[in-house]
Amino acid sequence: MPAHAPRFHTSILIGLGALGCAGEPGQPFIAAYQDGKVAALSFTFDDGHRTHLATAALLDQHGLRATFYPVTSWTSDARDAGDRSKITWPEWKDLAARGHEIGNHSASHPDLRKCDDAALERECVASANLITAKVGIAPRSFAYPFCKSDDRSRRLVLANHLAARGYFPLYENDFPAAKANAQVDDAIAKGAWMTWLSHGINDVVFNEHLTHVAEKAKSAGLWVAPFGLVAAYRQERDQAKLTVIERTANSIRLTLTLSPEMPATRWNIPLTVTIPTRSPLSEATVNDPVPPATARIDGDRIQVTLVPDGRTVSVSWR
Ligand SMILES: [Zn+2]
């Protein structure tokens, strides 16, 4: 396991300085996480073992979504062909329809650093195309086999996926829920993005952990979301430009734009703009000609979530 592996991604809380101005409406800022959440957690499961079907069912019961990384050459259309210990294509398609991310974990699980150009193309590009064809959704993220990569493989992977996952803390087998819960609480306290890497977890301890995680999602502003979604949000967030066209005591007009290097065909995850206001608020309305921008009252703030496509959005409140 590489010594440089980060335990947590650190997050950047943009514009926090504006929040301390009592009585003065603060400046709007792009939220660190979607919907103004304070921290993020991603569950990732590698290699497509059939035990992941029960794992996904547990996640569904708690209303949570995760990322699963199949290896395409280990995946069959039906269980009477290929590797019977692995999840099939129709099952992956079903998991995707339930909101889970089906990422890419290569075609045959090689050490990408040892692949020639043709093999690298097969492992990183043809595999992504096959997942798109079989699942109906292009894989947003890629997990490096053995968590190993080099400049050449990273370049090709990131030209064909929005994000890639390397090594993260292992969360497997009988990992105690209390220990997992404490690590998640620590991530929330730090405003961090935490990712678990797993090949399979005991259903009983996982259910206990998910009970804690679901409670934190409701009460503590924890964003539990697939790896590719959080990664794409953060990249857009760091590149987006927020322009305030007009601001009054109870309204704002703004635009959110990405640089031309981030085309809307690829980069279209809704970002959240946090608007600090005077409390208490009873109503917030977003006037947006193109759905689905939304506005949510969050204490003395409004969380406006919209695709960063340069349109002008008006928000008013009282
Ligand atoms: Zn693997």
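Predicted model, so just to flag it, every value in this text is computed and none were measured.

**Details of the packing of helix 1 (residues 51–61) against helix 6 (residues 203–219)**
Here's step 1: At a closest axis distance of 10 Å, the pairing of helix 1 and helix 6 adopts a crossing angle of 25°. One finds that helix 1 runs roughly parallel with respect to helix 6. Crossing hand, helix 1 versus helix 6: right-handed. Taken together, the residues of helix 6 that come into contact with helix 1 (itself represented by A54, T55, L58 and L59) are D203, F206, N207 and L210.
Here's step 2: Here the contact of helix 1 with helix 6 is composed, by residue class, of five nonpolar, two polar and one charged.

**A few points about the confidence of the model for the chain**
Here's step 1: With 91% of its residues at a pLDDT of 70 or more, the chain shows a mean pLDDT of 90.
Here's step 2: Contacts of residues 1–24 to residues separated by more than four positions or lying in other chains number 32 contacts, the stretch itself having pLDDT below 50.

**Comments concerning the sheet that holds strand 11 (residues 271–276)**
Here's step 1: Ordered in space as 1-11-14-13, the four strands form an open sheet in which the pairing is antiparallel. This sheet does not close on itself; its edge strands, each paired only once, are strand 1 (29–30) and strand 13 (294–298).
Here's step 2: As paired elements, strand 11 and strand 14 (residues 301–306) share six bridges and run antiparallel to each other. Across the sheet, the residue bridging to I275 is I302, located in strand 14.

**Re helix 5 (residues 177–190)**
Here's step 1: Between the first and last C-alpha of helix 5 there are 20 Å, a value that for 14 residues agrees with the 20 Å anticipated at 1.5 Å per step.
Here's step 2: Where helix 5 is concerned, the buried positions are A177, A180, V184 and A187. For helix 5, the angular spread of buried residues about the axis comes to 85°, placing them on one side. Set apart from the buried face of helix 5 by more than 90 degrees, the exposed residues are A178, K179, A182 and A189.
Here's step 3: The secondary structure elements touched by the buried residues of helix 5 are strand 2 (39–46), strand 7 (193–198) and helix 6.
Here's step 4: Remark: G191 follows helix 5 within two positions and exhibits a positive phi of approximately 65°.

**A word on the domain arrangement of the chain**
Here's step 1: Taken as a whole, the chain is organised into domain 1 (1–30 + 240–318) and domain 2 (38–230).
Here's step 2: A C-alpha centroid distance of 28 Å is found between domain 1 and domain 2.

**Describing the pairing of strand 7**
Here's step 1: With six of six residues buried, strand 7 is to be regarded as a mostly interior element.
Here's step 2: Residue alternation in strand 7 divides its side chains into two sets, W193, T195 and L197 and M194, W196 and S198, and both sets are buried.
Here's step 3: Of the strand pairs in this sheet, strand 2 and strand 7 are connected by six bridges, and their pairing is parallel. Bridging from a neighbouring strand, L41 pairs with M194 of strand 7.

**Topic: the pairing of strand 11**
Here's step 1: Where burial is concerned, most of strand 11 is hidden: six out of the six residues are buried.
Here's step 2: Looking at chain direction, strand 1 and strand 11 are connected through two bridges and run antiparallel. Bridge assignment links I30 to a residue of strand 11, and that residue is V273.

**Quick notes on the sheet that holds strand 9 (residues 241–248)**
Here's step 1: With antiparallel pairing, the four strands of this open sheet are ordered in space as 9-10-15-12. Taken across any chain shown, the strands that pair with only one partner, and hence form the sheet edges, are strand 9 and strand 12 (284–287). Each neighbouring strand pair of the sheet contributes to a mean axis angle of 20°, computed without reference to strand direction.
Here's step 2: As judged from the six bridges shared by strand 10 (residues 251–257) and strand 15 (residues 309–317), these two strands associate in the antiparallel manner.

About the criteria used
Residues numbered from 1 in each chain as written. Predicted model: local features only at pLDDT ≥ 70, side-chain atom pairs only at ≥ 80, totals over all residues. Axes fitted to C-alpha atoms, helices over the stretch in contact; angles between N-to-C directions. Helix = DSSP H or I, 4+ residues; strand = E, 2+ residues; numbered from the N terminus. Parallel < 35°, antiparallel > 145°, perpendicular 65-115°, else oblique. Left-handed = near helix turned anticlockwise from the far one by under 90°. Contact = placed C-beta atoms within 7 Å. Nonpolar A, V, L, I, M, F, W, Y, C, P; charged D, E, K, R; others polar. pLDDT = per-residue confidence, 0-100. Pairing = 2+ DSSP bridges. Expected span 1.5 Å × (residues − 1). Buried ≥ 20, exposed ≤ 12 C-beta atoms within 10 Å, placed from the backbone. Arc of directions from axis to C-beta. Domains from an automatic or database assignment.

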